[in-house]
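Overview (structure and organization)
Single-letter residue listing:
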Amino acid sequence: MLSIGSHISPNIDTQEFISLAAKDKLLVWLRNSRQFNGGANASCSESEWVDVSGHNNHAVMEDEAAQAEASLGGLHFDGSSSYMDFTTKMEIGQETGFAIFTVMTLDANTNEVWLSDSANEFIEMQTSSKIRIKTTGTGSGNITSVFTSGSGAMFGTGNAMLITITRTAAGELKVYKDGVEAAGTISNNPNAGAIDIFNLGCRNDADRFFDGIMHELVFYEAALSGDDLSNVHSYLNSKFGLS
């Protein structure tokens, strides 16, 4: 597994990053903070990953049997039982844009859910070449969109990578890896359905547990584009030594 500790920049200021993009749309920021105090991780522990966005959407887990292990400034989920719940359910309504930036190192890449609320609303690494997003449409119908890489396996195990998913208010989805838009196809695109987020690292408190390390997660309730999108990508790529 790639050790990213030596790649993290010691000169990144919290307020500098928050000001880079649409600050008023920043919903949650689970920050990898190892660089801020000589290697210690003040904002992340097995029982609580502090949201530093200012909205107090902390990820918590009091049950020791379900806690992930603190690792490299983030959390290492075991793929079988560890996960966290957010203190507040984040509700992304229909025809509402979002941008989710996640730096992760996968130990496995099949049915790895990293954000969810229920069996019908989740974001998942389905395979090494697919990401699945399931939302709730009008009435009781669900909408499933699957990004399929045009170049085969691109979500490998053992190395840190930045995965970004953006959606406009009209429902247009895009996927990026390490700041570069990924070539491929997306079924049911646009997808403007509603999606609530309450679980980190599993689906519906019950299954499809994430297997690997989440190093950092930044979630905007808006589809960032242009300089805003580029600046967040540059910040995270630089911080973790990604391309």
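The structure under discussion appears in the preceding block.
In this numbering scheme, every chain counts its residues from 1 along its sequence in written order. Two thresholds apply to this predicted model, a pLDDT of at least 70 for residue-level local features and 80 or more for giving and counting side-chain atom pairs, whereas whole-chain, interface and lining totals are computed over all residues. As a rule here, side-chain values cover all heavy atoms of the structure and leave hydrogens and water aside.

All right, on to the environment of A65 then. By the element assignment, A65 lies in the loop between β3 (59–60) and β4 (69–71). Exposure is judged per residue with a 1.4 Å probe applied to protein chains only, and the accessible area is read against the type maximum: over 50% gives exposed, under 20% gives buried, and values in between give partly exposed. The class for A65 is exposed, based on a relative accessible area of 61%. Once the C-alpha coordinates of A65 and S81 are considered, the two residues, 16 residues apart in sequence, prove to be 7.7 Å apart. Under the DSSP-based scheme used, a helix requires at least four consecutive residues in state H or I and a strand at least two consecutive residues in state E, with every element numbered from the N terminus.

What follows concerns the packing of aromatic side chains. The rule is short: rings of Phe, Tyr and Trp, with Trp giving its six-membered ring, pair when the centres are within 6.5 Å, and they are stacked under 30 degrees, edge-to-face over 60, tilted in between. Summed over the entire model, instances satisfying the criterion amount to six aromatic pairs. Between Y83 and F209, the aromatic rings sit 6.1 Å apart at their centres with planes inclined by 50 degrees, giving tilted as the arrangement. Placement of Y83 in the loop between β5 (74–78) and β6 (84–92) and of F209 in the loop between β16 (195–200) and β17 (211–220) is noted, with a sequence separation of 126 residues between them. Here Y83 and F209 have matching classes, each one buried. Ring geometry for F98 against F219: centres 6.3 Å apart, planes inclined by 65 degrees, an arrangement best described as edge-to-face. Of the two residues, F98 sits in strand β7 (residues 98–106) while F219 sits in strand β17, which places them 121 residues apart along the sequence. We classify F219 as buried; its relative accessible area is 1%. Placement of a positive charge over a ring is assigned whenever Lys NZ or Arg CZ falls within 6 Å of the ring centre and within 35 degrees of the normal to the ring plane. A cation over an aromatic ring shows up here: R31 above the ring of W29, its NZ or CZ 5.9 Å from the ring centre.

Moving on: the environment of S149. Residue position: S149 is located in strand β11 (residues 142–149). Residues S149 and S129, 20 residues apart in the sequence, show an inter-C-alpha distance of 5.2 Å. Should any heavy atoms of two residues lie within 4.5 Å, those residues are considered in contact. Setting aside its immediate chain neighbours within four residues, S149 contacts S129, M154, A183 and G184. Side-chain atoms alone can form a polar contact between residues adjacent in sequence; in general such a contact is a pair of N or O atoms within 3.5 Å, and within protein one must be able to donate a hydrogen while the other accepts it. One polar contact links the side chain of S149 to the main-chain amide nitrogen of S151, over a distance of 3.0 Å. Separated by 2.9 Å, the side chain of S149 and the backbone oxygen of G152 make a polar contact.

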